[in-house]
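Topology and contacts: notes
The lines below spell out each chain.
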Amino acid sequence: MGSSQKTTGTAITGAGVWHPEHVLSNAELCVAFNEFVNRENARHADDIAAGKREPLKTSSPEFIEKASGIQTRYIVDKTGVLDPERMCPNVPDRPDDQLSVQAEFGVNAIQRALAAAGRVGEDVDLVVCGTSMMQRQYPAMSVEIQNAIGARGFGLDASLGCSSAVAAMQIASNAVRAGTATCAIAVAPELMSCHNNWRERDGHFLFGDAAVAMVIEPLERAKTGFEILSIQAMSKFSSNIRNNFGFLNRFDPEKVGAPDKLFYQQGRRVYKDVIPAASKFILDHLASHELEPSRVSRYWLHQANQNMNDLIAQRILGRSATRTEAPVIINEYGNTASAGAPIAFTLHHDDLPKGSYGLLAAFGAGYSFGSLLLQRL
Ligand code: COA
C-alpha cells in the first residue's frame, strides 16, 4: 500500500474485449428493414396516396458500407431485430438476484483483461464502469460488477456518451495515481443495440454491442503494457447526438417510447463539427508533449464512421493513415460507442516495440472528447 500511494505514474497492464455471439450483416439487416418499410407503407397506403403522408424509403447494404464502413455488427439478440413487426432485440427481463445483462457484458471483458494482466478479481480495488447508457441507475453497475468478480474497494459509474470509456480510464488512472486504488478496472459494457432505433433509415445500421475492459496499475508494478503518459479531456455542449430516455418520461405518458427516447442524431452536423474539433484536440494533446504526429506509431481512434476517421487521420498526419497506423474495427463491430477506441487498442497493440507511442482518442455525444497518450513498456 505504502509504495502505491507514492506513485507518480500509471500503466495499462491488461486489456480484454468481449462481444455477443450473434453477427448481423448489412444484407440481413436490410432485408428486415425493407420488409418493415413495405409493411408500413402498405398500412398507410391511403394516406400516402392522398398525399397526407410521405412513404418510408428503403435502405441498402451498399449505402451502409459506403457511408459508414460498417459490414457487420455483434448484437445481444438478432432475432428480434430481424422481425419486421418487432425491430428491436429480445432481451428478457432478469430477476433481481441474477447478474444483469450489462454487468454480464462487463464481467466477460474484465475476465479477459485480468488474465492479460496476470491478475485475479480479488486483486482489484476499484471498478469504474463507463458506458453511454446505463441499464439502470442504481445499484450502480460498477458495484454489481465489483461483487461479481470478487473485487475489494469500491465501484463508481461514469457516463459521457462515446467518451465514457476514456472517462472511466481517467478516473481509474487518477485514483491509482492518488493512491486510492492499486489495481483499478475501467470497463465499458456497451449495449447499443438496445437503445438504437432499428426503424430509422438514417441510423438503423450504426450500432453493435461489445464490452471492453482495462486494468490500470501503478507504473512501478507494471512489467508489460503501456504507460499512461497523460490524459486529455474536453467537452462542449451540443444536442446533435441525444437520447431523452429517463425518469421524467413517465410524466408525459403519450411520448413514452417515442423515437427521442432512443439514440438520435443530426449525423451530417456531427460529421462536420467533430472532424475539425477531434483533429485539433488530438494535435493539441501531442503538442503539449512536443510530439510530432509522425512520431506516434498508432492511433486508436473512436469507431463511429470510417470516412470520418480517414479524414481525421489525414488532418493529423497530413496524409492518409495506413490501417496499421489507425486500426479499423468498425467494419466488423459497427459503432460500439465508447468501447470502439479501446477495442481497437486491445486488438491492435501486440506488435508495437518498446518505447513506441500510441494515442487512444474518443469523441461523441456531449460533445465530449478524451484521449490518452501511451508509451509501450
Ligand atoms: N440507405 C440508403 N440511403 C440512405 C440511407 C440508407 N439507410 N440513409 C440515408 N440515405 C440517403 C439520404 O436519403 C440522402 O439522400 P439524398 O442525398 O438523396 O437526400 C443520402 O443518403 C445522404 O444522407 P445523410 O444522412 O446525409 O448520410 P451521411 O452520408 O451523412 O451518412 C451517417 C449518415 C449517419 C453514416 C453519417 O452522417 C455519420 O456517421 N455521421 C457521424 C455520426 C457520428 O459520429 N455519431 C456519433 C455517434 S456515437
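Residues numbered from 1 in each chain as written. Predicted model: local features only at pLDDT ≥ 70, side-chain atom pairs only at ≥ 80, totals over all residues. Heavy atoms only, no water.

Let's talk about helix H5 (residues 101-117)
Spanning 17 residues, H5 covers 25 Å between terminal C-alpha atoms, matching the ideal 24 Å at 1.5 Å per step. Burial analysis of H5 places 12 of its 17 residues in the buried class, which makes it a mostly covered element. Within H5 the residues assigned to the buried category are Val101, Gln102, Ala103, Phe105, Gly106, Val107, Asn108, Ala109, Ile110, Ala113, Leu114 and Ala117. Close packing links the buried residues of H5 with strand E1 (10-18), helix H6 (141-149), strand E6 (184-191) and strand E7 (209-218). With its phi angle positive at about 70°, Gly118 sits one or two positions after the end of H5. (Helix = DSSP H or I, 4+ residues; strand = E, 2+ residues; numbered from the N terminus. Expected span 1.5 Å × (residues − 1). Buried < 20%, exposed > 50% of the residue type's maximum accessible area, 1.4 Å probe, protein only. Contact = heavy atoms within 4.5 Å.)

What about the pairing of strand E13 (residues 368-376)?
In terms of burial, E13 is largely enclosed, as nine of its nine residues are buried. What you see with E13 is no split at all: Ser368, Gly370, Leu372, Leu374 and Arg376 on one side and Phe369, Ser371, Leu373 and Gln375 on the other are buried throughout. Relative to E13, strand E12 (residues 357-364) runs antiparallel, the two being bridged by eight bridges. Within E13, the position partnered with Leu360 by the bridge is Leu372. (Pairing = 2+ DSSP bridges.)

A look at a nonpolar patch on the surface
On the surface, a nonpolar cluster with roughly 420 Å² of combined accessible area is contributed by Phe247, Leu248 and Phe251. Structurally, Phe251 is set in the loop between strand E9 (241-242) and strand E10 (264-265). (Patch = residues over 30% accessible without salt bridge, like charges linked within 9 Å, V, L, I, M, F, W, Y side chains within 5 Å. Areas by Shrake-Rupley, 256 points an atom, 1.4 Å probe, with all protein chains shown as cover. Salt bridge = Lys/Arg side-chain N within 4 Å of Asp/Glu carboxyl O.)

Thoughts on unusual backbone geometry
Cis geometry is found at the peptide bond from Tyr138 to Pro139, where omega equals -5°. With respect to the secondary-structure elements, Pro139 resides in the loop between strand E4 (126-130) and H6. With a phi angle near 50°, Glu290 is a residue other than glycine that sits in the positive phi range. Position of Glu290 among the secondary structure elements: in the loop between helix H8 (267-287) and strand E11 (296-301). Overall, Glu290 belongs to the exposed group, its relative accessible area being 75%.

Focus on the sheet that holds E13
Reading across from one edge, E5-E4-E6-E7-E1-E8-E13-E12-E11 is the order of the nine strands in this open sheet, with mixed pairing throughout. Since the sheet does not close on itself, it has two edges, and those belong to strand E5 (154-158) and E11, each with one partner. Across the sheet, the mean angle separating the axes of adjacent strands is 25° when strand polarity is ignored. Pairing of E4 with E6 involves four bridges; the strand directions are parallel. (Axes fitted to C-alpha atoms, helices over the stretch in contact; angles between N-to-C directions.)

Section: the site of the ligand
In the vicinity of the ligand, 19 residues are found, and the nearest of them are Ser59, Arg201, Gln265, Arg268 and Asn305. In this structure, Ser59 approaches the ligand through a side-chain N or O atom, which is 2.9 Å from a nitrogen atom. Within the backbone of Gly267, an N or O atom sits 3.1 Å from a nitrogen atom of the ligand. Protein chains shield 73% of the accessible area of the ligand, which is 970 Å² for the free molecule. Every element with two or more residues in the shell around the ligand is listed here: helix H4 (61-68) and H8. Of the residues that constitute the shell around the ligand, the class distribution is 10 nonpolar, six polar and three charged. (Near = heavy atom within 4 Å. Polar contact = N/O pair within 3.5 Å; in protein donor to acceptor, adjacent residues only side chain to side chain. Nonpolar A, V, L, I, M, F, W, Y, C, P; charged D, E, K, R; others polar.)

Considerations on the packing of aromatic side chains
Applying the stated rule across the entire model yields nine aromatic pairs. With centroids separated by 5.9 Å and ring planes inclined at 90°, the aromatic side chains of Phe226 and Trp300 adopt a geometry described as edge-to-face. Taken together, the positions of Phe226 in strand E8 (residues 226-235) and Trp300 in strand E11 put the pair 74 residues apart, joining distant regions of the chain. A single burial state applies to Phe226 and to Trp300, both of which are buried. For the pair Phe226 and Phe345, a centre-to-centre distance of 5.1 Å together with 70° between the ring planes defines the contact as edge-to-face. Linking Phe226 in strand E8 with Phe345 in helix H11 (residues 340-347), this pair joins segments that are 119 residues apart in sequence. Taking relative accessible area as the criterion, Phe345 reaches 1% and is therefore assigned buried. Through a chain of ring-to-ring contacts, the aromatic side chains of Phe226, Trp300 and Phe345 assemble into a single cluster. In this arrangement the basic side chain of Arg268 is found over the ring face of Tyr271, its NZ or CZ atom lying 5.0 Å from the centre. (Phe/Tyr/Trp six-rings, centres within 6.5 Å; stacked < 30°, edge-to-face > 60°. Lys NZ or Arg CZ within 6 Å of the ring centre and 35° of its normal.)

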